[in-house]
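# Close look at the chain arrangement
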Amino acid sequence: MSLMSTVPSVPRRLVVSGAGSGIGRATAELARERGWSVLGLDLAEDRRAGIIACDITDEGSVRDAFARVDEVWEGAAPDALTHCAGVYRFRPALETTAEAWDAVLAINARGSLLVASAAARRMREGGGGSVTLLSSIGAARGDAGEPSAAYSASKGAVESLTRQLAVEWGPYGIRCNAVAPGVIDTPMTTVSGDPGAFEQVLRRIPARRLGTAEEVARVCLFLASAESAYVSGTIIAVDGGQSAS
Ligand SMILES: NC(=O)c1ccc[n+]([C@@H]2O[C@H](COP(=O)([O-])OP(=O)(O)OC[C@H]3O[C@@H](n4cnc5c(N)ncnc54)[C@H](O)[C@@H]3O)[C@@H](O)[C@H]2O)c1
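Residues numbered from 1 in each chain as written. Predicted model: local features only at pLDDT ≥ 70, side-chain atom pairs only at ≥ 80, totals over all residues. Heavy atoms only, no water.

## Remarks on the packing of helix α2 (residues 59-72) against helix α3 (residues 98-126)
Filter applied, for reference: Here an axis means a line fitted to C-alpha atoms, over the contact stretch when the element is a helix, while the angle between two N-to-C directions is reported on a 0 to 180 degree scale. We count a stretch as a helix when DSSP gives it H or I for four or more residues in a row; a strand needs E for two or more, and each element gets its number in order from the N terminus. Helix crossings are classified by the rotation of the near helix relative to the far one: an anticlockwise turn of less than a right angle makes the crossing left-handed, while a clockwise turn makes it right-handed. Working rule for contacts: check all heavy atoms of both residues, and any pair within 4.5 Å makes them a contact. Residues are sorted three ways: Asp, Glu, Lys and Arg are charged, Ala, Val, Leu, Ile, Met, Phe, Trp, Tyr, Cys and Pro are nonpolar, and all the rest, Gly among them, are polar.
It is the contact of α2 with α3, at a shortest axis distance of 10 Å, that shows an interaxial angle of 35 degrees. For the pair α2 and α3, the crossing hand works out as right-handed. Here α2 contributes Glu59, Val62, Phe66, Ala67 and Asp70 to the contact with α3, which in turn contributes Leu114, Val115, Ala118, Ala119 and Arg122. Partitioned by chemical class, the residues of the contact of α2 with α3 number seven nonpolar, no polar and three charged.

## Quick word on the sheet that holds strand β9 (residues 235-238)
The condition is simple: At least two DSSP bridges between two strands are needed for those strands to be called paired.
A sheet is described by the order of its strands in space; here seven strands give the open sequence β3-β2-β1-β4-β5-β6-β9, paired in parallel fashion. Either end of the sheet is taken by a strand with one partner, and the two such strands are β3 (51-53) and β9. Across the sheet, the mean angle separating the axes of adjacent strands is 20 degrees when strand polarity is ignored. As defined by bridge partners, strand β5 (residues 129-134) adjoins strand β6 (residues 174-181) across six bridges and the pair is classed as parallel. Note on β6: the bridge partner recorded for serine 130 is arginine 175. Sheet strands in contact with helix α1 (residues 22-33) are β1 (13-17), β2 (37-42), β4 (80-83) and β6, and its direction is about 165 degrees off that of β1.

## A word on the pairing of β4
Threshold: Throughout this description, buried means an accessible area under 20% of the type-specific maximum (1.4 Å probe, protein chains only), exposed means over 50%, and partly exposed covers the range between.
Residues Ala80 and Thr82 of β4 are buried on one face, and the alternating residues Leu81 and His83, pointing to the opposite face, are buried as well. By the bridge criterion, four bridges tie β1 to β4 in an arrangement that is parallel. When the bridges of β4 are listed, leucine 14 appears paired with alanine 80. Here β4 pairs with β5 via four bridges, running parallel. Bridged to alanine 80 within β5 is serine 130.

## A closer look at the site of the ligand
Keep this limit in mind: The near set for a molecule or strand comprises every residue that places at least one heavy atom within 4 Å of it. As used in this structure description, the phrase polar contact means that two N or O atoms lie within 3.5 Å; if the pair is within protein, one of them must be able to donate a hydrogen and the other to accept it, and residues adjacent in sequence are counted only when both atoms belong to side chains. For every accessible area listed, the method is Shrake-Rupley and the probe measures 1.4 Å; residues are considered covered only by the protein chains on display.
Surrounding the ligand, one finds 27 residues, the nearest of these being Ser21, Ile23, Asp42, Tyr151 and Thr186. Isoleucine 23 is positioned such that a nitrogen or oxygen atom in its backbone is 2.7 Å from an oxygen atom of the ligand. For the ligand, a nitrogen atom lies 3.0 Å from a polar atom in the side chain of aspartate 55. Relative to its unbound accessible surface of 820 Å², the ligand loses 90% to contact with the protein. Listing elements by their share of the shell around the ligand, those giving two or more residues are α1 and α4 (149-169).

## Here's the deal with the environment of serine 17
Here serine 17 lies in strand β1. Owing to a relative accessible area of 0%, serine 17 belongs among the buried residues under this scheme. Put simply, serine 17 and proline 187 are 170 residues apart on the chain and 16 Å apart in space, counted from C-alpha to C-alpha. Discounting residues that sit within four places of it in the chain, serine 17 has contacts with Gly24, Leu41, Thr82, His83, Cys84 and Ala85.

## Some thoughts on the nonpolar core
Heads up, the rule is: Buried Ala, Val, Leu, Ile, Met, Phe, Trp, Tyr and Cys residues form a nonpolar core when they are joined through side-chain atoms within 4.5 Å.
The biggest cluster of nonpolar side chains holds 32 residues, and the ones touching the most others in it are Leu41, Phe66, Val69, Leu81, Val131 and Leu133. Sorting the residues of this core by element identifies β2, α2, α3, β5, α4 and β6 as the ones contributing at least two each. Looking at this core element by element, the count peaks at eight residues for α3. Once residues within four sequence positions are removed from consideration, valine 131 is found in contact with Leu81, Ala116, Met123, Trp169, Ile174, Arg175, Cys176 and Asn177. Leu134, Val179, Ala213 and Val216 belong to the second largest nonpolar core, which has 24 residues in total.

## Considerations on the environment of phenylalanine 222
With respect to the element layout, phenylalanine 222 can be found in helix α6 (residues 213-224). Note on phenylalanine 222: relative accessible area 33%, which makes it partly exposed. Between the C-alpha atoms of phenylalanine 222 and serine 232, which are ten residues apart in sequence, the distance is 12 Å. If near-sequence neighbours (up to four positions away) are discounted, phenylalanine 222 is found in contact with Glu227, Ser228 and Ile236.

## What about the confidence of the model for the protein chain?
Detailed reading of predicted coordinates is not advised where the pLDDT is low. Rules: Residue-level confidence of the predictor is what pLDDT reports, using numbers from 0 through 100.
Residue-level pLDDT values for the protein chain average 94, and 93% of them are 70 or greater. Within the protein chain, the element-level pLDDT minimum falls on helix α5 (residues 197-203), averaging 91, and the maximum on β5, averaging 99.

## Description of α2
The line we're drawing: Any helix carries an expected span of 1.5 Å times its number of residues minus one.
Spanning 14 residues, α2 covers 20 Å between terminal C-alpha atoms, matching the ideal 20 Å at 1.5 Å per step. The secondary structure elements touched by the buried residues of α2 are β1, β2, β3 and α3. With a side-chain oxygen lying 3.0 Å from the backbone nitrogen of glycine 60, the N-terminal cap of α2 falls on aspartate 58. Directly after α2, the chain includes glutamate 74, whose backbone phi takes a positive value near 50 degrees.

In structure tokens:
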């Protein structure tokens, strides 16, 4: 039996959620530069940027958005999904209402399942693929400076989901991994509080700087591509060494 991978070495079709901003936008742009055919999903449609409107919390909206993906790619399955859509809402645990909790979990946790499943149904038909979810350093570490209990818990859910999907979907040839960024310079990142807050954040990062969206995108594309053909069920930190300190 040949041990050569059957995964195609030429990248083909990539769906990127959250493609309107930050890491998702950087991933979509870099993938296009590298020759992928890319379709984005985000709350607002943007035809010029190849973005299809989709609210990832809503099953019907995800179904409609993927029906549009099918139309554009004439029924061909995506080879990869990079699921970047998500929210961070600063709120200490004691101020977190049930409603605030549910709102964050619906986007970051439920949204991950809905979008990953819509992509995986097609990948299963297409013979396999790669799903990359976005976790956060907050899944594994508490944040004293800008706490968000709902956000941290939602990213813990993303990491558990990543392992579960890797196990359930592995037999279909679908890999599932997550990227766990540290503090990345995107519209999501607000370092608030006293003027020394930014310096405090930098002191906790061995690299002594924030990451860029493109640095995260490069790792997402490694996971999307055949370069990572035997990588599944893992969480890759992209955090300038912060989780090691
Ligand atoms: N920026 C960071 O420092 C950082 C750190 C760790 C993890 N992350 C994770 O990386 C991912 C991308 O973050 P980012 O910094 O690029 O954020 P961002 O705010 O720049 O982009 C997030 C995108 O998600 C979209 N989105 C939000 N809710 C949606 C919904 N219901 N349906 C569809 N789209 C929706 C937004 O419209 C936006 O375009 C997120 O999952 C985030 O939690 C970011």
